[in-house]
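Geometric and topological summary
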Amino acid sequence: MDDTRESRDRLHAELVGRYGRDYRIVIESSPVAALAALRAMQANKEPVAVVMASLWMTEMNGRDMLSAVKDIHPRTKRAVVIPFGGWGDRATAEAIRGGVASGCIDYYLLRPWKAPGRGVSSNAQRIPL
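No experiment lies behind these values; they were computed from the predicted model shown.

1. Looking at the overall build of the protein chain
- Along the protein chain, the regular secondary structure elements total 4 helices and 5 strands.
- Ordered by position from N to C terminus, the α and β elements of the protein chain give α-α-β-α-β-α-β-β-β.
- Counting every position in the protein chain, which comprises 129 residues, the buried fraction comes to 40%.
- Pairs at least 24 residues apart make up 65% of the contacts formed inside the protein chain by residues separated by at least 6 positions.

Rendered as structure tokens:
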């Protein structure tokens, strides 16, 4: 979940390319829409393997969203997505550490980016904290 269209599109392309054969990839445009979709999946007894959320969104921050995900789907892995260099920002680092300490963040991932004149770069592997 990311509230910028370009980031969502890039992430969707990365995830579908890598995992689309084995998993249904759902990307929503807002935290509220994502939580509604997750509640519907819970009501339909659909398993959810992982939820990713951008840390800084307009409606709700990623840490709060992932905390709500923990209540809805307690066994689902939860990852916060940050830009390259995000750890250098004190607020970002504190939010991630606090989320890990409270159990609502399992992983952090770097947002896929596009270097000028090149294709999309990504870090599609999980990075445990």
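Once you've had a look at it, read on.
2. Digging into the pattern of salt bridges
- The full count for this structure, using the stated rule, is 3 salt bridges.
- Between Glu-46 and Arg-24 there is a salt bridge whose closest N-O contact spans 2.6 Å. On the criterion of sequence distance, the pair formed by Glu-46 in the loop between helix 2 (31–43) and strand 1 (50–54) and Arg-24 in the loop between helix 1 (5–19) and helix 2 is long-range, its members being 22 residues apart.
- Close ionic contact of Glu-94 with Arg-90 constitutes a salt bridge, the shortest N to O distance being 3.2 Å. Residue Glu-94 and its partner Arg-90 are located together in helix 4 (residues 90–102), separated by 4 residues, close to a single helical turn.

3. Quick word on the nonpolar core
- By size, the foremost hydrophobic cluster in this structure holds 23 residues, and its most contacted members are Leu-35, Leu-38, Val-51, Met-65, Leu-66, Val-69 and Val-80.
- If you list the elements that add at least two residues to this core, you get helix 2, strand 1, helix 3 (62–72), strand 2 (77–82), helix 4 and strand 3 (107–110).
- Excluding residues that lie within four positions of it along the chain, Leu-35 makes contacts with Met-60, Met-65, Ala-68, Val-69 and Ile-72.

4. Quick look at the sheet that holds strand 2
- With parallel pairing, the 3 strands of this open sheet are ordered in space as 1-2-3. Where the open sheet ends on each side, the last strands, each with one partner, are strand 1 and strand 3. Each adjacent strand pair in this sheet contributes to an overall mean axis angle of 30 degrees, direction not counted.
- Where strand 1 lies against strand 2, 5 bridges are found, and the strand directions are parallel. If you follow Val-50 over to strand 2, its bridge partner there is Lys-77.

Reading the values: the criteria
Residues numbered from 1 in each chain as written. Predicted model: local features only at pLDDT ≥ 70, side-chain atom pairs only at ≥ 80, totals over all residues. Heavy atoms only, no water. Helix = DSSP H or I, 4+ residues; strand = E, 2+ residues; numbered from the N terminus. Buried < 20%, exposed > 50% of the residue type's maximum accessible area, 1.4 Å probe, protein only. Contact = heavy atoms within 4.5 Å. Salt bridge = Lys/Arg side-chain N within 4 Å of Asp/Glu carboxyl O. Core = buried A, V, L, I, M, F, W, Y, C linked by side-chain atoms within 4.5 Å. Pairing = 2+ DSSP bridges. Axes fitted to C-alpha atoms, helices over the stretch in contact; angles between N-to-C directions.

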